[in-house]
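Residues per chain are reported as follows:
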Amino acid sequence: MTTEDAAAGDEQAGAHLLTELKETMEEYVIFPSEEAAVAVTLWIAATFGQRAWQHAPRLVVTGPTKRCGKSRLLDVVHESCWNPLITVNATVAAIFRSIGDDPPTLLVDEADTLFGTTKAAENNEDLRGLLNAGHQRNRPTLRVVGVGTEQAVKEFPTFAMAALAGIGGMPDTIMDRAIIVQMRRRGPGEKVKPFRTRRDAPRFTSIGMALVEWLRPATDVLADMEPDMPLEDRAADTWEPLIIVADHAGGDWPKLARHAAEKMVKEQAKADSDNTFRGRVLVDCRRAFRAAGWPGAMKTDDLLEYLKADREAPWADWGRDGLTARKLGNLLGEYDITSGNIRFSDGQKKGYLRVKFEDAWGRYCPAEEEPAEEPPGDVSQASQPSPPRSAPGRKEPWDGSDPSQLSIRPALTSTNELGTDGTANHEEQATTPCVGCRTPQTNTIGSAYCDTCRTAA
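Residues numbered from 1 in each chain as written. Predicted model: local features only at pLDDT ≥ 70, side-chain atom pairs only at ≥ 80, totals over all residues. Heavy atoms only, no water.

**Q** Before we go on, may I ask you to explain the packing of helix H3 (residues 34–46) against helix H4 (residues 70–80) in this structure?
**A** For any two helices packed against each other, the geometry comes down to the angle between their axes and how far apart the axes lie. Across the interface, H3 lies against H4 with an axial gap of 10 Å and an inter-helix angle of 35°. Crossing of H3 against H4: the hand is right-handed. Within the contact between the two elements, H3 uses Val40, Trp43 and Ile44 and H4 uses Leu73, Val77 and Ser80. In the contact of H3 with H4, the residues fall into 5 nonpolar, 1 polar and no charged. (Axes fitted to C-alpha atoms, helices over the stretch in contact; angles between N-to-C directions. Helix = DSSP H or I, 4+ residues; strand = E, 2+ residues; numbered from the N terminus. Left-handed = near helix turned anticlockwise from the far one by under 90°. Contact = heavy atoms within 4.5 Å. Nonpolar A, V, L, I, M, F, W, Y, C, P; charged D, E, K, R; others polar.)

**Q** Any chance you could explain H4 here in plain terms?
**A** Residue pairs spaced three or four apart in an α-helix point in one direction, given the helix's 3.6 residues per turn. Among all positions of H4, only Lys70, Leu73, Leu74, Val76, Val77, Glu79 and Ser80 are buried. Packing partners of the buried residues in H4 comprise helix H2 (13–25), H3, strand E1 (58–63), strand E3 (105–108), strand E6 (162–167) and helix H10 (197–215). (Buried < 20%, exposed > 50% of the residue type's maximum accessible area, 1.4 Å probe, protein only.)

**Q** Sorry, what's going on with the packing of aromatic side chains here?
**A** Where two aromatic rings form a pair, the distance of their centres and the angle of their planes describe that pair. Under the criterion given, the structure shown has 9 aromatic pairs. Centroid distance tyrosine 28 to phenylalanine 204: 5.7 Å. Interplanar angle 55°. Geometry classified as tilted. Here the residue tyrosine 28 occupies a position in the loop between H2 and H3, and phenylalanine 204 occupies one in helix H10, the gap between them amounting to 176 residues. Measuring from ring centre to ring centre gives 6.1 Å for phenylalanine 195 and phenylalanine 204, while their planes differ by 55°; the resulting arrangement is tilted. (Phe/Tyr/Trp six-rings, centres within 6.5 Å; stacked < 30°, edge-to-face > 60°.)

**Q** How do you make sense of the sheet that holds strand E2 (residues 84–86) when you look at a structure like this?
**A** The strand order across the open sheet formed by 5 strands is E2-E3-E6-E1-E7, and the pairing between neighbours is parallel. Sheet topology places E2 and strand E7 (178–182) at the edges, where each strand pairs with a single neighbour. Between one strand axis and the next, the sheet turns through 20° on average, direction left out of account. For E3 and E6, the ladder comprises 3 bridges, and the chain directions are parallel. Its bridge partner being in E6, valine 108 is matched across the sheet by leucine 164. (Pairing = 2+ DSSP bridges.)

**Q** Sorry, what's going on with the nonpolar core here?
**A** Of all hydrophobic cores here, the largest spans 92 residues; its most connected members are Trp239, Leu282 and Phe357. The element that contributes the greatest number of residues to this core is H3, accounting for 10 residues. If we skip the residues at most four places from it in the chain, tryptophan 239 touches Ala39, Ile179, Met229, Leu231, Ala257, Ala260, Ala261, Met264 and Val265. (Core = buried A, V, L, I, M, F, W, Y, C linked by side-chain atoms within 4.5 Å.)

**Q** I'm lost on H2 in this one. Help?
**A** Helix length check: H2, at 13 residues, gives a terminal C-alpha distance of 18 Å against a target of 18 Å (1.5 Å per residue), a fit within 8%. Listing the buried residues of H2 in full gives Ala13, Gly14, Ala15, Leu17, Leu18, Leu21, Lys22, Thr24 and Met25. (Expected span 1.5 Å × (residues − 1).)

**Q** Can you help me understand the environment of serine 98 in this one?
**A** Position of serine 98 among the secondary structure elements: in the loop between helix H5 (92–96) and E3. For the pair formed by serine 98 and phenylalanine 156, sequence separation is 58 residues and the distance between their alpha carbons is 9.2 Å. The residues contacting serine 98, other than those within four sequence positions of it, are Leu85 and Pro104. Within the structure, the side chain of serine 98 is placed 2.7 Å from the backbone oxygen of alanine 94, a separation counted as a polar contact. (Polar contact = N/O pair within 3.5 Å; in protein donor to acceptor, adjacent residues only side chain to side chain.)

**Q** What is the right way to look at unusual backbone geometry in this model?
**A** One non-glycine residue, asparagine 138, lies in the positive phi region at around 65°. With respect to the helices and strands, the residue asparagine 138 is situated in the loop between helix H8 (125–133) and strand E4 (141–147). Positioned with a positive phi, tryptophan 294 is a non-glycine residue whose angle comes to about 55°. Within the element layout of this structure, tryptophan 294 appears in the loop between helix H14 (278–291) and strand E8 (297–299).

**Q** Hey, could you run me through the pairing of E4 in this one?
**A** The side chains of a regular strand alternate, residue by residue, between the two faces of the sheet. Sheet analysis places E4 next to strand E5 (residues 150–156), joined by 7 bridges and oriented antiparallel. Bridging from a neighbouring strand, leucine 142 pairs with glutamate 155 of E5. Where E4 hands over to E5, the hairpin turn is made up of 2 residues, of which glycine 148 adopts a positive phi near 60°.

**Q** Which parts of the structure should I look at to understand the pattern of salt bridges?
**A** Pairing between side chains of opposite charge can happen when their charged atoms approach one another. Applying the stated criterion to the full structure yields 16 salt bridges. Note that lysine 22 is salt-bridged to glutamate 34, the shortest N-O span being 2.8 Å. Of this pair, lysine 22 sits in helix H2 while glutamate 34 sits in helix H3, and the two are 12 residues apart along the sequence. For glutamate 34, a relative accessible area of 42% gives the class partly exposed. The structure contains a network of salt bridges with shared partners spanning Lys22, Glu26 and Glu34. (Salt bridge = Lys/Arg side-chain N within 4 Å of Asp/Glu carboxyl O.)

**Q** How do you make sense of the environment of methionine 225 when you look at a structure like this?
**A** Mapped onto the fold, methionine 225 is located in the loop between helix H11 (219–224) and helix H12 (233–249). Given a relative accessible area of 23%, methionine 225 falls into the partly exposed group. For the pair methionine 225 and proline 241, spaced 16 residues apart in the sequence, the C-alpha separation amounts to 9.7 Å. Once residues within four sequence positions are removed from consideration, methionine 225 is found in contact with Ile244, Asp247 and His248.

Keep in mind these values describe shape, not function.
This is the structure we're talking about:
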């Protein structure tokens, strides 16, 4: 189905248009989930029906670090949404004077430079206030205009849909009014087409023109629709325009929209706005697994002891008692890395499976270089072992030489969600640098400490 056919008045025009927009975006952008792709598609379509909405949802495109595809997604949104207005380095006065009864779509890239620090946020408090007020209709900005004694108070509308892209979270008041898309860096094997405005923008412009013909004449119909909402309160206000567009389109879109709304709102409720040190904790956890010989799992206590033993790292001074299991879980939760009950050689303990880290290591951590070999006979400094053949990003069958390559078998228990064996073989031993004494000694796989230091502890 082409955009020309959709614009011609087919009963399934809306569903075909939304599907075409989504599939076209996916050629240039790797979305973090199917639900995110659905949400962005519906948000773009909803910009063409702004005259019908009571609330103008924000679209916040964020990621934990640079090169996660945030600006690329904003490029695609710019080429396909209604009347885009880029607000890079624009004054607040210029922005609200650009909003009228038929508002544009505001686009703000590099939003972390506006709200990423306390000082920057204070300097841009007026912009934050405008974005918050513009979420709901009939929240104008008042300004005194005129020359000399001929001055009067004038209302300027603020209502307009807006998209913001930047590293980390935005102010809570903006996030609370937004559909949030947590972008991530492309992993190995994930490929997209390069986006070139001259060559690729016409594809999105064509879809946008078809959306104009489909949605703009339906303003009164859209305004009268009262969809069955799976959400409540402000989340329902924010998602309502997207649900209405999906219901108006028909096909599979009503079901897709409600599923995306429920899942993404739950994820948003769990989101932690403090992204500081998350990149470092991934790198340091990889070092801990490497020091332990790349076991299939590590106890939470052993991982914490390794992290806090590094005097150059912030973990020992992380709060009054240093980094705790709960704080570590909060930091790693941003990357969907969670702990669980795992069986080790000394019983069932809380710990982390190595496999849960591998995707995040491949996306966000720089590749590790092979350590240089020590000169023969020089044992003054113990070098860390080279990564096994099954290091993150490499999958090879186990040849019997590396216990960490063994698959982790789930245990059939009702109380253990993970129910896994933390080590490949509890009888296996490995010679690795002990975190405590830093000398190569025989230690149990799954522990960062040698048997002597563990006993003394």
